[in-house]
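Descriptive analysis of the structure
In case you want the letters, here they are:
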Amino acid sequence: PKLEERKTAAVSDFVPTPDLEWFADRLAQLFASRLSAWRKNGLGPILNEFLVGSIHKLGAHVAVHDTDGSRIEGVFAGLEEIDGGLRLRLADGSQRVIRAGDIL
């Protein structure tokens, strides 16, 4: 949907909509592949690959709308290897792990 407070886009604006059965099958294949890689190698390599393609680079200033509606700002300090939570370094030097919320 179009939202005034943030950019939105539909994949169908850029490429043709895929066949539903093909898409579901491909998604299941990719999920199984990632799950197998995670079980074999742990979460670290998957998180590193995610960071390479992320729009938020290590050291970048980010803001988070927390689940309680508050806004938290800090520096992107990486991802937790246990569960992928975002590590946010706050102005006072402390770190907070964000496991849910909207990252701006």
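Look above for the structure.
So, here is what we can say about the structure in this document.

Each value, and the rule that gives it
- Residues numbered from 1 in each chain as written.
- Predicted model: local features only at pLDDT ≥ 70, side-chain atom pairs only at ≥ 80, totals over all residues.
- Heavy atoms only, no water.
- Salt bridge = Lys/Arg side-chain N within 4 Å of Asp/Glu carboxyl O.
- Helix = DSSP H or I, 4+ residues; strand = E, 2+ residues; numbered from the N terminus.
- Buried < 20%, exposed > 50% of the residue type's maximum accessible area, 1.4 Å probe, protein only.
- Arc of directions from axis to C-beta.
- Contact = heavy atoms within 4.5 Å.

Applying the stated criterion to the full structure yields 5 salt bridges. One salt bridge connects Glu 49 with Arg 34, and the closest N-O pair in it is separated by 2.9 Å. Pair noted here: Glu 49 is in helix H2 (residues 44-53) and Arg 34 is in helix H1 (residues 20-41), with a separation of 15 residues, a long-range link. A salt bridge links Arg 87 to Glu 80, with the nearest nitrogen and oxygen atoms 3.8 Å apart.

A separate point is H2. Residues of H2 that are buried include every one of Gly 44, Leu 47 and Leu 51, and no others. Taken around the axis of H2, the buried residues stretch over an arc of 65°, which confines them to a single face. Of the exposed residues in H2, the ones pointing more than 90 degrees away from its buried face are Phe 50, Val 52 and Gly 53. Tucked into the core, H2 has its buried residues touching strand E2 (71-79).

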